Amino acid sequence: MKFTVSSTGLLSHLQILNRVISSKNTLPILDNFLFKVEGNKLTITASDLDTTLISTVELIENAENDGQIAVPSKELLNWLSVCPEQPITFTINDDNLSIKITTAQNGNITPMGKNGSEYPEIESAANSENNLTISASTLLRSISYTIFATGEDELRPVMNGIYFDIATDSLTVVASDAHKLVRFKINDVKSEKEASFILPKKPATLLKSILPKENGDVTVNFDGKNAIFALENFTMICRLVDGRYPKYNDVIPKNNPNKAIVDRMTLINALKRASVAANQASNLIKLQLNENEIIVSAQDLDYSISAQETVPCQYQSEPMSIGFKSVYLIELLSNIEQSEIVIELSDARRAGVILPLENAENEELLMLLMPIMLND
């Protein structure tokens, strides 16, 4: 088998595919990329068994004989990363699986390949009746808004992924770690029937890195075990999180009479400065809401340090105080794009709801943060 491909074109695909490969693979063959050549197409696969990423690279000319071989990922990437743009030719000895990669400048490297047939077959959901079509940009926004709120709880794995709740006329994407929750609803996504799945964090992170360079729509097919994301330049197959996601709407307070409208960046900067004085263990920061102002304060009695800032806002309700973990509140606010936000509160013991003052068309973003009880 012999084929020629652009060095930088190949490298750009392999760098993305390499993010799938685990440093602790149970099968040694998974330390390799699977190369499959057919005509003028090179299909490359990387997998850790739970997540599989597939991409296709166009060859410079038709290959001499079709076939497949497993190529060691580390050696190939290390070599390509210092190889200038030029055509490179792979020549594979089908008898002993040796590989000779030759450059146009008469350089070469000779890694040892493995039999491609040893690469595991990847279970998919290609024939599932559950499907969803969503634009690449909308899927990227859905993941970007929610992935930071996923949990790290080994005892509750459903909380460690992003929940896709599909209705016939909308898609709601949810993530929560039991302290904070993000619900992002898109009202212009259509589906033939209601369905849902929980996307693990690793494939979600991969999609977040791939989608900015993608155009058009993403087609998602899924069953109870796996999902296939078909993009323009990549196909990702991943194992889904098994389990039932909590009823997320039940934890969102419905009656919040105390509402403050505030500039997001002004509040973030005040929180960052005041949190310098917060107790390192609790990270507690206090918000005192008065007429048209929020007093942001923190103190650490152990070190006799305190800080306070006043932030202007629009607020006409009864004065009230509430405490939050500062790092969580800053994180939530930093993941909203709009310049003005609304903070909705009922009392100091119930979760605070944070919304953009104006949502983008056909979108509804809601963030929730559990409070920390104040002593005073």
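Fair warning: this is a prediction, and the values are worked out from it, not measured in the lab.

(A) Here's a closer look at the sheet that holds strand 12 (residues 171-176). In spatial order, the strands read 14-11-12-13-25-24-23-18; together these eight strands make up an open sheet with antiparallel pairing. At either margin of the open sheet sits one strand with a lone partner, and together these are strand 14 (195-199) and strand 18 (258-263). Adjacent strand axes in the sheet meet at a mean angle of 20°, parallel and antiparallel pairs treated alike. Strand direction decides the pairing type here: strand 24 (residues 352-356) and strand 25 (residues 363-369), joined by three bridges, are antiparallel. Looking across to strand 25, one finds that Ile 354 is bridged to Met 367.

(B) Broad picture of the sheet that holds strand 3 (residues 41-47). Spatially, the nine strands line up as an open sheet ordered 9-5-2-3-4-17-16-15-10, and their pairing is antiparallel. The sheet is open, and its two edges are formed by strand 9 (114-115) and strand 10 (130-135), each paired on a single side. Two elements, strand 4 (residues 51-58) and strand 17 (residues 234-239), share five bridges in a ladder whose sense is antiparallel. Considered in strand 17, the bridge of Ser 55 is made with Phe 234. Sheet strands touched by helix 3 (residues 136-146): strand 10, strand 15 (217-222) and strand 16 (226-230). Its angle to strand 10, the strand with the most contacts, is close to 100°. The sheet contacts of helix 4 (residues 201-210) involve strand 4, strand 16 and strand 17, and relative to strand 17 the element is tilted by about 165°.

(C) Quick look at the side chain of His 13. Here His 13 lies in helix 1 (residues 7-17). Note on His 13: relative accessible area 16%, which makes it buried. In this view, His 13 contacts Ser 55, Thr 56, Val 57 and Phe 234; residues no more than four positions away in its chain are not counted.

What counts as what
Residues numbered from 1 in each chain as written. Predicted model: local features only at pLDDT ≥ 70, side-chain atom pairs only at ≥ 80, totals over all residues. Heavy atoms only, no water. Pairing = 2+ DSSP bridges. Helix = DSSP H or I, 4+ residues; strand = E, 2+ residues; numbered from the N terminus. Axes fitted to C-alpha atoms, helices over the stretch in contact; angles between N-to-C directions. Contact = heavy atoms within 4.5 Å. Buried < 20%, exposed > 50% of the residue type's maximum accessible area, 1.4 Å probe, protein only.

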